[in-house]
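Here's the letter readout for the chains.
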Amino acid sequence: MIIREKEPANLEMPFRELDGWITPNEKFYIRAHFPVPKIDLASWRLKVEGAVKSPFRLSLDDLRAMPSTTLPATLECAGNGRVFLVPKVKGTQWELGAVGNAEWTGVSLGEILRQAGVKQNALEVVLEGADSGAISESPKPAGKIHYARSVPLGTALDGVLLALEMNGAPLTPSHGFPLRAIVPGWFGMAAVKWLQRLIVTDQPYNGYYQTVDYAFWQRDATGVALVPITQLQVKASIARPGMNEVVAANSTYKVSGAAWTSEAEITRVEVSADDGATWSEASLGKQTAPNCWQLWEWDWQTPARTGHYILKARATDSRGRIQAMERDPDRGTYEINHCLPIEIEVR
Ligand SMILES: Nc1nc2c(c(=O)[nH]1)N[C@H]1C(S)=C(S)[C@@H](COP(=O)(O)O)O[C@H]1N2
Ligand SMILES: [Mo]
């Protein structure tokens with residue numbers, strides 16, 4: 001793993017090593033804002049509170065005794081690919097590997113909310129982690145805060161898994177043991193780890209990681225407004241060749257990678273070996289599932305002429321959304337899904 005930060009651990013998978021639809025746990029990127037919280041399992045409870053008829057607490061055994069669901073989902077950090085932004089921006093300088101696809105097992109959040117009885121005026125559910133710390137950059141609240149994020153009630157009732165396991169093994173401390181949220185089709189920041197509290201609110205939640213961080217400028221008929229980052233954006237990413245790789249001239253090179261989107265399927269991946277002048281269609285891997293990436297590959301007849309080349313990949317989804325060639329500056333330091341240039345050397 002590539003170490004982006006030692007403490008808290010922020011680790012990236014060398015994306016060149018992508019070699020299967022499921023990312024093994026030890027290769028799955030780790031993103032954390034604060035150190036892994038110490039959790040005493042004997043006293044740990046998931047608290048369910050706020051705009052509910054009967055607030056309650058669940059122990060780990062209670063959760064394990066509930067009906068369980070297993071589903072695969074792709075998680076991508078909203079800052080994945082940040083190293084490509086020009087000019088350079090602040091934030092973890094992820095290359096391509098802050099993304100992975102895993103099978104998650106746990107309890108549906110909807111089931112828990114139905115047990116608590118959501119009140120008529122409920123609007124959102126705040127997912128709060130047990131980790132906390134002080135923010136260093138302004139604007140910032142004073143003192144320590146917990147990592148927290150919200151989802152709209154509709155998503156909470158139907159589209160969130162509270163996961164106990166990742167690829168058939170209990171979550172590791174870095175990935176959120178004992179319990180984390182998985183919001184399929186959303187960027188990673190919604191997948192709150194070390195869950196300790198679910199708070200049903202009757203107001204929009206304006207927490208730090210919802211408004212100051214993990215937000216972008218959205219333009220519509222009313223003008224421009226800062227809104228929370230939510231769903232994954234259509235994107236194809238090149239695993240091989242890797243950045244600055246040397247490729248043999250006059251040969252066949254299997255260019256490969258993965259592509260993903262949200263609430264749609266990837267219908268097409270194209271690859272360009274001449275910085276976007278011409279495109280060829282890649283073949284898509286057979287394994288797919290909703291809100292999961294799809295692998296793809298393309299046989300490149302490498303040129304006879306040696307030198308510097310730029311590869312790009314471009315995905316299209318079943319809703320007709322095509323990956324943009326140019327960066328949308330309103331996305332700030334997040335949602336880096338324009339076609340990224342992979343510079344290589346043909347020798
Ligand atoms: N409690 C808590 N949950 C969190 C975070 C965090 O810092 N604290 N980071 C989020 C971000 S930004 C991402 S991309 C994912 C990463 O999940 P992973 O480390 O299991 O890959 O966790 C999310 N959940
Ligand atoms: Mo993230």
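Predicted, not measured: the structure shown is a model, and the values here were computed from it.

Thoughts on the environment of Gly242
Checked against the element boundaries, Gly242 lands in the loop between β15 (235-240) and β16 (246-247). Those residues within four positions of Gly242 in sequence are excluded, and the remaining contacts are Arg16, Ile342, Glu343 and Ile344.

Things to note about the layout of surface pockets
The rolling of a water-molecule-sized probe over the atoms marks out the regions of remaining empty space. Approximately 800 Å³ is the volume found for the largest pocket. Lining the largest pocket are 35 residues, and of these Lys90, Glu137, Tyr208, Asp213 and Tyr334 lie nearest its centre. Classifying every residue of the lining of the largest pocket by side-chain character gives 17 nonpolar, ten polar and eight charged. There are two domains that each give the lining of the largest pocket at least three residues, and those are domain 1 (2-228) and domain 2 (235-346).

Re the domain arrangement of the protein chain
Domain annotation for the protein chain reports domain 1 (2-228) and domain 2 (235-346). For domain 1 and domain 2, the distance between their C-alpha centres works out to 28 Å. At the interface, 34 residues of domain 1 touch 33 residues of domain 2. Roughly 2900 Å² is buried in total at the junction of domain 1 and domain 2, and carbon and sulfur atoms are behind 63% of that figure. Among the residues domain 1 hides against domain 2, the three largest losses belong to Arg16, Trp21 and Phe84. Together they make up 25% of the total. On inspection of domain 1 and its partner domain 2, the count reaches three salt bridges. The partner of Arg16 in a salt bridge is Glu245, with the nearest N and O atoms 2.6 Å apart. Only β5 (69-76), β6 (99-108) and β13 (215-220) provide two or more residues apiece to the side of domain 1 that touches domain 2. When the residues that make up the side of domain 1 that touches domain 2 are grouped by side-chain class, the tally is 17 nonpolar, nine polar and eight charged.

Details of empty space enclosed by the protein
A complete count under the given rule lists four cavities of 30 Å³ or more for this structure. A volume near 240 Å³ is recorded for the largest cavity. Along the walls of the largest cavity sit 18 residues, with Arg31, Arg180, Gly188, Ala191 and Lys193 positioned nearest its centre. It is β15 that provides the largest number of residues to the lining of the second largest cavity, a total of four residues. A breakdown of the residues in the lining of the second largest cavity according to their chemical character gives six nonpolar, three polar and one charged.

Re the pairing of strand β22 (residues 307-317)
With ten of its eleven residues buried, β22 lies for the most part within the structure. As paired elements, strand β18 (residues 266-272) and β22 share six bridges and run antiparallel to each other. The partner of Val271 across the bridge, within β22, is Ala313. With five bridges joining them, β22 and strand β23 (residues 342-346) adopt antiparallel strand pairing.

Remarks on the packing of aromatic side chains
Under the defined criterion, the tally for this structure stands at eleven aromatic pairs. Note on Tyr147 and Tyr209: the rings are 4.6 Å apart at their centroids and 35 degrees apart in plane angle, and the pair reads as tilted. Placement of the pair is Tyr147 in strand β8 (residues 144-152) and Tyr209 in helix α4 (residues 208-211), with a sequence separation of 62 residues. In this pair, the class of Tyr147 matches that of Tyr209, namely buried. Between Tyr214 and Tyr334 the ring centres are 4.8 Å apart and the planes differ by 35 degrees, which places this aromatic pair in the tilted class.

Scoring rules and cut-offs
Residues numbered from 1 in each chain as written. Chains lettered and ligands numbered in written order. Predicted model: local features only at pLDDT ≥ 70, side-chain atom pairs only at ≥ 80, totals over all residues. Heavy atoms only, no water. Helix = DSSP H or I, 4+ residues; strand = E, 2+ residues; numbered from the N terminus. Contact = heavy atoms within 4.5 Å. 1 Å grid on protein atoms, 1.4 Å probe; cavity = no way out; pocket = protein on both sides within 12 Å on 5 of 7 lines; lining within 4 Å. Points joined across faces, edges and corners; volume = space filled by probe spheres on them. Nonpolar A, V, L, I, M, F, W, Y, C, P; charged D, E, K, R; others polar. Domains from an automatic or database assignment. Buried area = accessible area lost by both parts, 1.4 Å probe. Salt bridge = Lys/Arg side-chain N within 4 Å of Asp/Glu carboxyl O. Buried < 20%, exposed > 50% of the residue type's maximum accessible area, 1.4 Å probe, protein only. Pairing = 2+ DSSP bridges. Phe/Tyr/Trp six-rings, centres within 6.5 Å; stacked < 30°, edge-to-face > 60°.

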